[in-house]
Amino acid sequence: MIALGTFFKYLSLIGSFTAIGTLLAMAFLLLDVEGKFSIQGYKLKRLLWGAAIVWSFGVAGTIIVTLATALDQSISFALDPTVLRSFITQITLGQYLFFELIVALVVVISAFRIKRILTATFILLLSIIGLVAPVFQSHSESSGSHGLAIGSLVIHVAALSLWVGGVIAIALLDPKDRPIAVSRFSELALWSVIAVVASGTVNAWVRLDFQGAWNSAYAYVVIAKIALTLVLVSIGYLHRTTLALRERIDWLGFGRLLFVEAMIMVATVAMGAWLSSIEPPERPNLPEFDPAVAVSGISTPPPPSWSRILFSYEPDALMIGILITAVALYIKGVLVMRRRGDNWPVGRSIAFGLGIAGIDFATSGGLGLYAHFAFSYHMVAHMVLGMIAPIGIVLGAPITLALRTLPQSRDGTERGVRGTLLAVLHSKVAIFFTNPIVALAVFDGSLFALYFTELFGGMMQSHVGHLLMSIHFILAGILFFHVIIGIDPNPRRIPHLVRIVIVFAAMSIHAFFSVALMSSTTLIDQGYFASLKTPWLTDLLADQQLGGSIGWAMGEIPILLALVATFISWVKDDSREVKRIDRNTSRAAAMGQPDELADYNRYLQKLAERDRNDA
Ligand code: HEM
């Protein structure tokens, strides 16, 4: 059964990697024609379709084999529609695998229909999400340090899909289309390799623990993979030195090496597929059973204290990966500006850095750790993620930095990456969400939707749920503060008065929400905190009510700050407007043009006199 499981897993990995690599080439590596595919892009549709078919077949097989293995039954038993239906609808792993299958089928159906770069980019992101979904429920789930094991494997698979997928797609490109694709892929490949090696190493460490289980088939395969990775990295290095030769590149030789690289990758993926289909060796010194590990994936921390809140660290690898990528992209943008001799206010970089640090503290730091174990700490973390960190991110003006540093068109007709970002910023979706009412509804409305329905308890129970909740808090906060005090370009011009009204509305709705929580008499977490059996948390309702008052106290401050900031920018804008009018008037006067303002005032005066005379 393991062999069959590995075979189908392998098909789904190779199919998904090739589909993602092909979409990457269509949406990002090859030229576009004003936001639509170029001829080269169209040529890849058949490859995309074929890869997605292989992917769908691989996932369908994986669903059957996983079910048969879980029930310790035959394949034919697992094919029974009732059994199958309950697996894909009621069992989390079944649901995630079925989601991956749906995504693969969406790629099959849309392969010959997509024409636009934005659509291809959307399907590319959807494909990566579909591919990593089942990883959240893979056997990493059973290991200690849950956040590290699952997070690192998700990053491993996502980075592999771009690196291996990109190499396979470029190897299958028409040789004359390769030069334009390779020069852009080279940068992305470097980032992906770093992510693959770092995440693979972290995952191997979580599983094998550098003292213990290295004398196992599992460990030998990991070592073999490390060796093959070194070969792949050397080939990558050769590619980069060749590309540095510019005009004198031997593209035939380059193509041959690319083929060898793709073959080694395809073999290494087979090893990875096998690793993921077997149980890793038992870790030597597994900790004593802790109910919290089964529910939250984290062992119960000692009672909270200032030093434990400030200095504990329970790494959530996926969130750390996202934050490192955001910081690396931001630093790269600032370096590009510097290299060009353009200035980027250091205050913005500091604000952005503080925002990122706030998110890390509230997800992997001591606050993030205790937020899994007590509602009051959860609410502090929520306020940091949704109210405080977003202000830093927004004042860091990342979109402005991106627009100033992203590559422009490579041939004059291409819309390019920068053009695609502009298209996103001016899209109907962006215009809808930057409507202040919509931003307020997402920001405050979602509080009621989350905490006063069964959603909260469900989200706290699952790793994906917890991650999505944190990401929602961050994005809802960024959207709200972008609309109110944002520096970055906004498709809408929102008058200051409207912003102030929205801020007041946010304050009152938030106060109402907090009071409702403070006066709640029933627990809203569907038994999540109780199931952890945390010895130092006895009165859950009191802790929940404390969470309400914390929400009130902490929530109002940032909104108040936004109110003050809006007033200041209003005054500043007005004085800027006055200066502009004065400048225009004096310029007009200097050029002997009539002073419209003075003329207008004179006209009003005449009207007033006539009225007085008529009276
Ligand atoms: C430093 C190098 C690397 C290390 C330490 C490493 C380590 C690991 C570990 C520990 C796993 C988890 C296996 C499990 O689920 O128990 C894994 C999964 C995997 N690795 Fe790597 N790896 C490395 C490089 C690569 C490379 C270069 C490739 C392919 C070109 C690759 C392909 C895979 C695949 C396909 C999986 C299975 C992912 C899944 O579960 O869906 N790895 N790797």
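Numbering of residues starts from 1 in every chain and runs along the sequence as written. Where local features are concerned, this predicted model is filtered to residues with pLDDT of at least 70; where side-chain atom pairs are given and counted, the filter is 80 or more; whole-chain, interface and lining totals use all residues. Side-chain measures were taken over the full set of non-hydrogen atoms in the model, leaving aside hydrogen atoms and water.

**Describing the environment of Tyr 528**
Turning to step 1, where the next piece is worked out: Helix numbers and strand numbers start at the N terminus; a helix is a DSSP run of H or I with at least 4 residues, a strand a run of E with at least 2. Within the element layout of this structure, Tyr 528 appears in helix α25 (residues 528-531).
Turning to step 2, where the next piece is worked out: Relative accessible area decides the class of each residue, using a 1.4 Å probe on protein chains only: under 20% of the type maximum gives buried, over 50% gives exposed, and in between gives partly exposed. Residue Tyr 528 is classed as buried on the basis of its relative accessible area, which comes to 0%.
Turning to step 3, where the next piece is worked out: Residues Tyr 528 and Met 459, spaced 69 residues apart in sequence, show a C-alpha to C-alpha distance of 9.7 Å.
Turning to step 4, where the next piece is worked out: It only takes one pair of heavy atoms within 4.5 Å for two residues to be counted as in contact. Sequence-distant contacts of Tyr 528, defined by excluding residues within four places in its chain, comprise Val 295, Ser 296, His 372, Met 460 and Gln 461.

**Some details on the pattern of salt bridges**
Turning to step 1, where the next piece is worked out: Here, a salt bridge means any Lys or Arg side-chain nitrogen found within 4 Å of an Asp or Glu carboxyl oxygen. Within the structure shown, the criterion is met by six salt bridges.
Turning to step 2, where the next piece is worked out: Between Asp 174 and Lys 43 there is a salt bridge, with the nearest N and O atoms lying 3.3 Å from each other. Of this pair, Asp 174 sits in the loop between α8 (146-171) and α9 (178-208) while Lys 43 sits in helix α2 (residues 39-43), and the two are 131 residues apart along the sequence.
Turning to step 3, where the next piece is worked out: Given the relative accessible area of 29%, Asp 174 is considered partly exposed.
Turning to step 4, where the next piece is worked out: For Asp 174, the salt bridge identified is with Lys 176, shortest N-O distance 2.9 Å.
Turning to step 5, where the next piece is worked out: Salt bridges here are not isolated pairs; linked through shared partners, they connect Lys 43, Asp 174, Lys 176 and Asp 177.

**Brief notes about the domain arrangement of the protein chain**
Turning to step 1, where the next piece is worked out: For the protein chain, the domain assignment lists domain 1 (2-281), domain 2 (306-583) and domain 3 (584-614).
Turning to step 2, where the next piece is worked out: Residue ranges for the domains trace back to a domain assignment, done automatically or taken from a database. The gap between the C-alpha centroids of domain 1 and domain 3 is 71 Å.

**So, the side chain of Ser 199**
Turning to step 1, where the next piece is worked out: Note that Ser 199 resides in helix α9.
Turning to step 2, where the next piece is worked out: One polar contact links Ser 199 to His 156, side chain to side chain, over a distance of 3.0 Å.
Turning to step 3, where the next piece is worked out: Aside from chain neighbours lying at most four places away, what touches Ser 199 is Ser 152, Ile 155 and His 156. Pairs of N or O atoms are called polar contacts if they sit within 3.5 Å, as long as, within protein, a hydrogen donor faces a hydrogen acceptor (for residues adjacent in sequence, only side-chain-to-side-chain pairs).

**Concerning a nonpolar patch on the surface**
Turning to step 1, where the next piece is worked out: There is a patch of nonpolar side chains on the surface, built from Met 1, Leu 4, Phe 7 and Phe 57 and spanning about 390 Å² of accessible area.
Turning to step 2, where the next piece is worked out: Mapped onto the elements of the fold, Met 1 is located in the segment before α1 (2-29).
Turning to step 3, where the next piece is worked out: Note on Met 1: relative accessible area 44%, which makes it partly exposed. Patch membership is restricted to residues that have no salt bridge and whose relative accessible area is over 30%. Joining uses 9 Å for like charges and 5 Å for the nonpolar side chains Val, Leu, Ile, Met, Phe, Trp and Tyr. Only the protein chains shown count as cover for residues, and all accessible areas are computed by the Shrake-Rupley method using a 1.4 Å probe.

**Digging into the packing of helix α5 (residues 81-90) against helix α6 (residues 92-110)**
Axis angle and axis distance: for two packed helices, these are the angle between their axes and the distance between the axes, and together they describe the pair.
Turning to step 1, where the next piece is worked out: Closest axis-to-axis distance for the α5/α6 pair is 5 Å, and the angle between their directions is 90°. One finds that α5 runs roughly perpendicular with respect to α6. Contact residues: α5 offers Phe 87, Ile 88, Thr 89 and Gln 90, while α6 offers Thr 92, Gly 94, Gln 95 and Phe 98.
Turning to step 2, where the next piece is worked out: In terms of residue class, the contact of α5 with α6 is built from three nonpolar, five polar and no charged. For every element, the axis is a line fit to its C-alpha atoms; helices are fit only across the contacting stretch, and the angle between N-to-C directions ranges from 0 to 180 degrees. Note on angle classes: values under 35 degrees are labelled roughly parallel, values over 145 roughly antiparallel, values of 65 to 115 roughly perpendicular, and the remainder oblique. Residue type decides the class: Asp, Glu, Lys and Arg count as charged, Ala, Val, Leu, Ile, Met, Phe, Trp, Tyr, Cys and Pro as nonpolar, and the leftover types, Gly among them, as polar.

**A word on the coordination of the iron atom of the ligand**
Turning to step 1, where the next piece is worked out: The rule for donors is simple: N, O or S, within 2.8 Å of the metal, or within 3.2 Å if the metal is Na, K or Ca. Water isn't counted, so a site may look like it is missing partners. Taken together, His 156 (NE2) and Lys 225 (NZ) make up the protein donors of the iron atom of the ligand, found 1.8 to 2.2 Å from the metal.
Turning to step 2, where the next piece is worked out: Square planar and octahedral sites, with four and six donors, are those where opposite donors lie more than 155 degrees apart and all other angles lie between 65 and 115, tetrahedral sites have four donors with every angle between 85 and 135 degrees, and the rest are irregular. The site at the iron atom of the ligand holds six donor atoms, and with the angles between them running 79 to 177°, its shape is octahedral. Residue His 156 is found in helix α8, and its partner Lys 225 is found in helix α10 (residues 217-243); the two are separated by 69 residues along the sequence. Here His 156 and Lys 225 have matching classes, each one buried.

**Observations regarding unusual backbone geometry**
Turning to step 1, where the next piece is worked out: The backbone phi angle of Ala 397 is positive, close to 50°, even though this residue is not glycine.
Turning to step 2, where the next piece is worked out: For Ala 397, the location among the structural elements is in the loop between α17 (375-395) and α18 (398-405).
Turning to step 3, where the next piece is worked out: Even without a glycine there, the phi angle at Lys 533 is positive, about 50°.
Turning to step 4, where the next piece is worked out: For Lys 533, the position within the fold is in the loop between α25 and α26 (540-590).

**Overview of α10**
Turning to step 1, where the next piece is worked out: One less than the residue count of a helix, multiplied by 1.5 Å, gives the span that helix is expected to have. With 27 residues, α10 should reach 39 Å at 1.5 Å per residue; the first-to-last C-alpha distance of 39 Å fits that figure.
Turning to step 2, where the next piece is worked out: Every buried residue belonging to α10 is among Tyr 218, Ala 219, Val 221, Val 222, Lys 225, Thr 229, Leu 232, Ile 235, His 239, Thr 242 and Leu 243, and all of these are buried.
Turning to step 3, where the next piece is worked out: Its buried side turned inward, α10 meets α8, α9 and α11 (251-277).

**Quick look at the packing of aromatic side chains**
Turning to step 1, where the next piece is worked out: Two rings from Phe, Tyr or Trp (for Trp, the six-membered ring) form a pair when their centres are within 6.5 Å of each other. A pair whose planes differ by under 30 degrees is stacked, one over 60 is edge-to-face, and the rest are tilted. The tally for this structure, following the rule as stated, stands at 23 aromatic pairs.
Turning to step 2, where the next piece is worked out: Both rings, one in Phe 432 and one in Phe 433, keep their centres 5.1 Å apart while their planes meet at 80°; by these two values the pair is edge-to-face.
Turning to step 3, where the next piece is worked out: For Phe 433, a relative accessible area of 35% translates into the label partly exposed.
Turning to step 4, where the next piece is worked out: Cluster of aromatic residues (ring-pair linked, three or more members): Phe 375, Phe 448, Tyr 451, Phe 452, Phe 456, Phe 512, Phe 513, Tyr 528 and Phe 529.
Turning to step 5, where the next piece is worked out: A ring is scored as having a charge over it whenever the NZ atom of a lysine or the CZ atom of an arginine sits within 6 Å of its centre and within 35 degrees of its normal. The positively charged end of Arg 184 is found above the aromatic ring belonging to Phe 28, 5.1 Å away from the centroid.
Turning to step 6, where the next piece is worked out: Of note, Arg 348 hangs over the ring of Trp 344, and the distance from its end group to the ring centre comes to 4.8 Å.

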